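# Secondary and tertiary structure notes
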Amino acid sequence: MSDRTVVVAGLEQCFRARGGEVHALGPIDLTIEPGELVTLAGPSGCGKTTLLRLLAGFGLPSGGSITVGGEPVRAPGVERGVVFQQPTLYPWLDVRGNVELGPRLRGSAKVERRRTAERFLELVGLQDVAGLRPYELSGGMQQRAQIARVLANDPDIVLMDEPFGALDALTRERLQNELLTIWRETGKTILFITHSVDEAVFLGSRVLVMSPRPGRIVLDEPARFSTASHEVPPEELRALPEFTELAARVRSAIQHVEPVVAG
Ligand SMILES: Nc1ncnc2c1ncn2[C@@H]1O[C@H](COP(=O)(O)OP(=O)(O)OP(=O)(O)O)[C@@H](O)[C@H]1O
Ligand SMILES: [Mg+2]
């Protein structure tokens, strides 16, 4: 199944700014295999969102290339879904209407899109509030609705930019576990940006750390806690020496000003 492999090669991004050019990102070389859950951490301003936006096709890079399944990424595509830090729901539609919107715009029949919406609302635990408007939901519920809406488009690749950053600790943990269930059930490729070292290590099947600007990958390590998390309670996983060791390596990679060579 190499048809949706993401290949990033020599990727660079510069921005024109007052007083000259800002070299925001790169060079980045990165291959993401189908079904990986890649977490990405790094200091503020290092270019994480810039990388995600380029992967989403919201802009073109200054240099290098991105391909998905061998096809160059030049614009947003339905095979790449984006979950933003702040929920972006349409206030005039109820929760179900928001989740159904993508399938509706793509011409899916009413019965079918209703079924799709029900499935994803159930997956994120919002089936009982499907008739409410976004403003009637808590922040965590809005974020779950956004995730359901993105998944209803059945993207192969889900790009998530600090999706749980604004949530309280308990809601965040609940959503982390829900995300892992979704990942296991759907086998989607996920790129998940986070500021939390714990979240990066707990969720990732692979953990990346970027250096300060211009962002480059300075740590790239496999992790296995996400695959074990439905068998072993999260608090036991977090107490494992392997967990704390990886977390320490990730933390020191983020704090190092000079790039740390992985391995
Ligand atoms: N459209 C733009 N025009 C000019 N500069 C930009 C633009 N977008 C991003 N930058 C700059 O590029 C750098 C990287 O920004 P980016 O948003 O990717 O960082 P980040 O790693 O996501 O940070 P944070 O963790 O705070 O979200 C920053 O210095 C930012 O000011
Ligand atoms: Mg960002």
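Predicted model, so just to flag it, every value in this text is computed and none were measured. (Residues numbered from 1 in each chain as written. Chains lettered and ligands numbered in written order. Predicted model: local features only at pLDDT ≥ 70, side-chain atom pairs only at ≥ 80, totals over all residues. Heavy atoms only, no water.)

## Considerations on the pattern of salt bridges
As a reminder of what qualifies: Salt bridge, as used here, is a side-chain nitrogen of Lys or Arg placed within 4 Å of a carboxyl oxygen of Asp or Glu. Three exposure classes are used, based on accessible area relative to the maximum for each residue type with a 1.4 Å probe and protein chains only: buried under 20%, partly exposed in between, and exposed over 50%.
Here the structure, examined in full by the defined rule, presents 12 salt bridges. Note that Glu-79 and Arg-80 form a salt bridge whose closest N and O atoms lie 2.9 Å from each other. For Glu-79, a relative accessible area of 28% gives the class partly exposed. Residue Arg-80 is classed as buried on the basis of its relative accessible area of 10%. Lys-188 is the salt-bridge partner of Asp-154, the closest N and O atoms lying 2.8 Å from each other.

## Regarding the state of the cysteines
Short version of the rule: Here, a disulfide means two cysteine sulfur atoms that sit within 2.5 Å of each other.
Per the counting criterion, the structure on display carries 0 disulfides. Considering cysteine sulfurs only, Cys-46 is the nearest to Cys-14, which forms no disulfide, with 15 Å between them. In this structure Cys-14 comes out as partly exposed when scored by relative accessible area, which is 26%.

## Observations concerning the pairing of strand 7 (residues 157–161)
The test is simple: To qualify as a helix, a DSSP run of H or I must reach at least 4 residues; to qualify as a strand, a run of E must reach at least 2; elements of each kind are numbered from the N terminus. We call two strands paired when DSSP finds no fewer than two bridges between them.
Of all 5 residues that make up strand 7, 5 are buried, and the element is covered over most of its length. Of the two faces of strand 7, both are covered, the one formed by Ile-157, Leu-159 and Asp-161 as well as the one formed by Val-158 and Met-160. As judged from the 5 bridges shared by strand 7 and strand 8 (residues 189–193), these two strands associate in the parallel manner. Note on strand 8: the bridge partner recorded for Leu-159 is Leu-191.

## So, the domain arrangement of the protein chain
We apply this condition: Here the bounds of each domain stem from an automatic or database domain assignment. Whether two residues are in contact is decided by their heavy atoms: any pair within 4.5 Å suffices. Buried area: the sum, over both parts, of the accessible surface (1.4 Å probe) that disappears when the two are put together. Under this definition, polar contacts are N or O atom pairs within 3.5 Å; protein pairs additionally need one hydrogen-donor-capable and one acceptor-capable atom, and for neighbouring residues in sequence, both atoms have to be side-chain atoms. Throughout this entry, Asp, Glu, Lys and Arg are counted as charged residues, while Ala, Val, Leu, Ile, Met, Phe, Trp, Tyr, Cys and Pro are counted as nonpolar. The remaining residues, Gly among them, count as polar.
Along its sequence, the protein chain is organised into domain 1 (6–79 + 155–253) and domain 2 (89–154). Measuring from the centre of the C-alpha atoms in domain 1 to the corresponding centre in domain 2 gives 25 Å. If you look at the interface, domain 1 gives 16 residues, while domain 2 gives 13 residues. Of the roughly 1,200 Å² buried at the junction of domain 1 and domain 2 (both faces included), carbon and sulfur atoms supply 72%. Where domain 1 meets domain 2, there are 2 salt bridges. Where domain 1 meets domain 2, there are 2 residue pairs in polar contact (both at pLDDT 80 or more). Taken together, the elements giving at least two residues each to the side of domain 1 that touches domain 2 come down to strand 7 and helix 5 (169–186). With 7 residues, the top contributor of residues to the side of domain 1 that touches domain 2 is helix 5. By residue class, the composition of the side of domain 1 that touches domain 2 is 9 nonpolar, 2 polar and 5 charged.

## Considerations on unusual backbone geometry
Across residues other than glycine, the phi torsion is negative in most instances, and most of the peptide bonds are trans. Going from Gly-26 to Pro-27, the amide bond is cis rather than trans, its omega being 5°. Following the sequence through the fold, Pro-27 ends up in strand 2 (residues 20–32). Look at the link from Arg-213 to Pro-214: it is a cis peptide, with omega at -5°. Turning to its location among the elements, Pro-214 is positioned in the loop between strand 9 (206–210) and strand 10 (217–222). Positive phi values are uncommon outside glycine, yet Asp-154 reaches one of about 50°. Mapped onto the elements of the fold, Asp-154 is located in the loop between helix 4 (139–152) and strand 7. Its identity as a non-glycine residue notwithstanding, Glu-162 has a phi of 45°, on the positive side. Summarising the element assignment, Glu-162 is placed in the loop between strand 7 and helix 5. Here Glu-162 falls in the buried class, since its relative accessible area comes to 14%.

## A closer look at the sheet that holds strand 5 (residues 71–72)
Reading across from one edge, 2-1-4-5 is the order of the 4 strands in this open sheet, with antiparallel pairing throughout. Across the chains shown, the open sheet's two edge strands, defined by having one partner strand only, are strand 2 and strand 5. Summarising the sheet, strand 1 (residues 6–17) and strand 4 (residues 63–68) pair through 5 bridges and their orientation is antiparallel. By the bridge assignment, Ala-9 is partnered in strand 4 with Ser-65.

## Quick word on the site of ligand 1
Formally: We call a residue near a given molecule or strand whenever any one of its heavy atoms falls within 4 Å of it.
Neighbouring ligand 1 are 13 residues, the closest being Ser-44, Gly-45, Lys-48, Thr-49 and Thr-50. With respect to ligand 1, the backbone of Gly-47 contributes an N or O atom lying 3.0 Å from an oxygen atom. Note that an oxygen atom of ligand 1 is positioned 2.8 Å from one of the side-chain N or O atoms of Thr-49. For the shell around ligand 1, the element with the highest residue contribution is helix 1 (residues 48–56), accounting for 3 residues. In terms of residue class, the shell around ligand 1 is built from 4 nonpolar, 6 polar and 3 charged.

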